[in-house]
Amino acid sequence: MKFFIDTANLAEIQEAHALGILDGVTTNPSLIAKEGIHGEEAIRNHYKAICDIVHDNVSAEVIATDLKGMIKEAEELAKIDDKIVVKIPMIQEGVKAIKYLSSEGLNTNCTLVFTAGQALLAAKAGATYVSPFIGRLDDVASDGLALIEQIVHIFHQYNFTTAVLAASVRHPMHLIQCAEIGVDVATCPLKVITDLLHHPLTDKGLAKFLSDHKGTHA
Ligand code: E4P
């Protein structure tokens with residue numbers, strides 16, 4: 001399973017990259033806004049700065065919702081760096097945009113996916129990634145992980161090349177269950193990744209090993 005970090009914060013991206021386990025970055029307009037970035041040029045420069053940190057796969061979302069506008073924006077975003085994956089929302093014009101952009105060889109990530117039917121449409125249109133949002137479904141008392149399982153099952157039936165990118169991952173159990181299901185990629189905040197590190201028996205065991213070692217050098 002690939003690990004993407006779900007943030008536009010450069011320090012967090014650097015930290016995840018330094019861990020040596022990072023395969024990419026996902027952003028969205030809310031995450032960009034959270035960093036206090038204003039204006040087209042500043043946003044483009046910020047995407048470039050993210051691309052300069054990671055090896056591959058930086059998702060950048062279009063704002064337009066009409067076909068022409070989405071294609072224009074996608075082509076502009078793709079020019080920033082080869083690592084850019086253009087995020088297109090799951091709407092009717094978005095499906096057309098994905099079909100066009102994938103035929104032009106651009107990598108796409110179909111975002112805001114909440115049903116298996118939407119995922120199927122994105123895959124049929126040739127999306128590189130499809131992003132079902134686990135946490136937001138859980139927030140409205142739906143089963144986000146059940147949707148992930150359903151999409152993975154459907155994609156395997158037909159050998160779709162579209163990768164399942166589990167998004168809106170909120171805690172370590174989401175990540176572990178995604179791995180059990182066999183998703184291709186999970187994207188989450190840095191804290192969810194670092195939360196995987198900890199166990200009280202690890203801390204207790206290490207403290208004991210270090211104190212016993214100290215005794216051998218007293
Ligand atoms: C990533 O592609 C999504 O935009 C993101 O995971 C959404 O996460 P949230 O539901 O925690 O905002």
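Provided above is the structure to which this section pertains.
Residues numbered from 1 in each chain as written. Predicted model: local features only at pLDDT ≥ 70, side-chain atom pairs only at ≥ 80, totals over all residues. Heavy atoms only, no water.

Draft legend 1. The arrangement of the pattern of salt bridges in detail. A full pass over the atoms with the stated rule returns 8 salt bridges. A salt bridge links E61 to K87, with the nearest nitrogen and oxygen atoms 3.7 Å apart. Taken together, the residues span a long stretch of sequence, with E61 in strand β3 (residues 58-61) and K87 in strand β4 (residues 84-89) at a distance of 26 residues. The buried category is assigned to E61, whose relative accessible area is 12%. The salt bridge involving E93 is made with K96; its shortest N-O contact spans 2.8 Å. Note that E93 and K96 are positioned in helix α5 (residues 92-103) at a spacing of 3 residues, about one turn of the helix. According to the relative accessible area criterion, E93 is partly exposed, its value standing at 26%. Each of K48, D52 and D81 takes part in one network of salt bridges that share partners. (Salt bridge = Lys/Arg side-chain N within 4 Å of Asp/Glu carboxyl O. Helix = DSSP H or I, 4+ residues; strand = E, 2+ residues; numbered from the N terminus. Buried < 20%, exposed > 50% of the residue type's maximum accessible area, 1.4 Å probe, protein only.)

Draft legend 2. Local environment of the site of the ligand. Contacts to the ligand come from D6, T26, N28, K87, F133, R136, A167, S168 and R170. The side chain of K87 places a nitrogen or oxygen atom 2.6 Å from an oxygen atom of the ligand. With respect to the ligand, the side chain of R136 contributes an N or O atom lying 2.7 Å from an oxygen atom. When the ligand is considered free in solution it has 350 Å² of accessible area, and contact with the protein chains removes 85% of it. When atom positions are compared with the pocket grids, the ligand is found to occupy the largest pocket. Along the lines of polarity and charge, the residues of the shell around the ligand split into 2 nonpolar, 3 polar and 4 charged. (Near = heavy atom within 4 Å. Polar contact = N/O pair within 3.5 Å; in protein donor to acceptor, adjacent residues only side chain to side chain. Areas by Shrake-Rupley, 256 points an atom, 1.4 Å probe, with all protein chains shown as cover. 1 Å grid on protein atoms, 1.4 Å probe; cavity = no way out; pocket = protein on both sides within 12 Å on 5 of 7 lines; lining within 4 Å. Sits in = over half its atoms within 2 Å of the grid points. Nonpolar A, V, L, I, M, F, W, Y, C, P; charged D, E, K, R; others polar.)

Draft legend 3. Molecular detail of helix α6 (residues 116-125). The set of residues buried in α6 consists of A116, A119, A122, A123 and A125. Among the structural elements, α5, β5 (108-113), β6 (129-132) and α8 (144-158) are those in contact with the buried residues of α6. G126 sits one or two residues past α6 and shows a positive phi near 95 degrees. (Contact = heavy atoms within 4.5 Å.)

Draft legend 4. Geometry of the sheet that holds strand β2 (residues 24-26). Strand order in the closed barrel formed by 8 strands is β1-β2-β3-β4-β5-β6-β7-β8, and the pairing between neighbours is parallel. Across the sheet, the mean angle separating the axes of adjacent strands is 30 degrees when strand polarity is ignored. (Pairing = 2+ DSSP bridges. Axes fitted to C-alpha atoms, helices over the stretch in contact; angles between N-to-C directions.)

Draft legend 5. Broad picture of unusual backbone geometry. A positive phi angle, near 60 degrees, is found at A141, a position not held by glycine. Even without glycine at this site, N159 takes up a positive phi of about 50 degrees. Tracing the backbone shows N159 in the loop between α8 and β7 (163-166).

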